[in-house]
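# An overview of the molecular structure
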Amino acid sequence: MKPGDILLTATRSLREQRFRLALNVLGILIGCAAVTGLISITQGLTVEVGDQLQLFGPNNLMVVPFEIRAGRGLVGQGMTWRDVQIIEKVAHVRYVSPILGSKTATHTYKGEKYSASAFGVDPIYFQIFKAYEMAEGRGLLQSDRGAAIIGYLVSHPRNQDKAIYGLGDRIKLTFRVGGEDREYTFRIVGIMKEIGGTFGSEDDNSIMIPFREAQQIFESGSKVDFVALTVDSSDNVKRVAETIKDRFSDGVMIMDYEMIQQQVDQILGTIEAVLGGIAAISLLVAGVGIVNTMTISVMERTREIGILKAIGGKGSDVLALFLTEATITGVIGG
């Protein structure tokens, strides 16, 4: 048979079996859509995580006053202001900021209650995490008392069409301390730009207040929950991390850009493997469906095949006919 005759016969056969063709095309479309969608999800996650890593900063370290040990859980003695001073004296450390929090703070606007995460930070905090830029106002100053910097969602809640707080407004925050609610009023000196969440936390729904004031409100004494710091060069990050680890022996965990990236890569690798498996199964199911349909088509058309061979058709012509039908089906399905 000539190629033109094979193509014409295959097209005519598919036209006569429209319903079967439609089912095959649907299977292909579902498989392709599944693969495309899963790839898009994976790429989107990679980009989002990359953006969040940039917020942390390659020259920054976070000192956590405990570490996780197998069989022992969390191990650590906590940190105090004296520990912060020790870290400040480590060579190649440029900026250090103690962090207190997060504590839940509630505030009310026109009878509707909202909650946010409150942190006590040093003014240097915004020198360390430079990605936290101000949409309005300024950062904290050492002389600030009763000042607060609010996240974008505190000022612009999702259920409101416009901002409920502006620069210079007073915001009344209620904290649960010692089993009782205590209310404090702060003046908004800065509103942060919208940055999204970072590794499970929603930074846009956070409130930053002066560290010393947070100590008094939370009645934490000299306790420090975390210490953030910036190293003068990315080449010295590992050296500084090892020095701090040695100074405090056991009981602290040092988080740096590379460590977070490795953990995130492992998680993303697992997600990609799972999504890849789902995509492969989708394609396999679609492929099996097409093979099954083509097999049934061959079995149902034994008479047609017999006539074709009786008038001089070769086995290769029959094979070419069905392969052409499968190719046309695949092209239509995308």
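Residues numbered from 1 in each chain as written. Predicted model: local features only at pLDDT ≥ 70, side-chain atom pairs only at ≥ 80, totals over all residues. Heavy atoms only, no water.

### Some points on unusual backbone geometry
Backbone geometry places His92, a non-glycine residue, at a positive phi of 75 degrees. Mapping His92 onto the fold places it in the loop between helix 3 (81–88) and strand 5 (93–109). Taking the relative accessible area as the measure of exposure, His92 reaches 31% and is therefore partly exposed. Even without glycine at this site, Glu219 takes up a positive phi of about 55 degrees. By the secondary structure assignment, Glu219 is in the loop between helix 6 (211–218) and strand 14 (223–224). (Helix = DSSP H or I, 4+ residues; strand = E, 2+ residues; numbered from the N terminus. Buried < 20%, exposed > 50% of the residue type's maximum accessible area, 1.4 Å probe, protein only.)

### Considerations on the packing of aromatic side chains
Within this structure, the stated rule accounts for eight aromatic pairs. Consider the rings of Tyr125 and Phe126, whose centres lie 5.4 Å apart with planes at 80 degrees: the pair is edge-to-face. As far as burial versus exposure is concerned, Tyr125 and Phe126 are alike and both buried. Classification of Tyr125 as buried rests on a relative accessible area of 9%. Ring-pair connections join several aromatic residues into one group, and the members of that group are Tyr125, Phe126, Phe129 and Tyr132. Directly above the ring of Phe218 sits Lys103, whose terminal nitrogen or CZ lies 5.8 Å from the centroid. We note Arg212 situated over the ring of Trp81; from NZ or CZ to the ring centre the distance is 4.2 Å. (Phe/Tyr/Trp six-rings, centres within 6.5 Å; stacked < 30°, edge-to-face > 60°. Lys NZ or Arg CZ within 6 Å of the ring centre and 35° of its normal.)

### Observations concerning the side chain of Asp204
Checked against the element boundaries, Asp204 lands in the loop between strand 12 (201–202) and strand 13 (206–210). Salt bridges are absent for the buried Asp204, whose nearest opposite-charge side chain, Arg158, sits at 6.3 Å. A polar contact of 2.9 Å, which involves the side chain of Asp204, links it to the backbone nitrogen of Ile195. Not counting residues within four places of it along the chain, the set of residues in contact with Asp204 comprises Gly151, Tyr152, Leu153, Val154, Lys193, Glu194, Ile195 and Gly196. (Lys, Arg positive; Asp, Glu negative; His and termini not counted. Salt bridge = Lys/Arg side-chain N within 4 Å of Asp/Glu carboxyl O. Polar contact = N/O pair within 3.5 Å; in protein donor to acceptor, adjacent residues only side chain to side chain. Contact = heavy atoms within 4.5 Å.)

### Considering the domain arrangement of the chain
As assigned here, the chain comprises domain 1 (3–52 + 265–333) and domain 2 (95–232). The gap between the C-alpha centroids of domain 1 and domain 2 is 55 Å. (Domains from an automatic or database assignment.)

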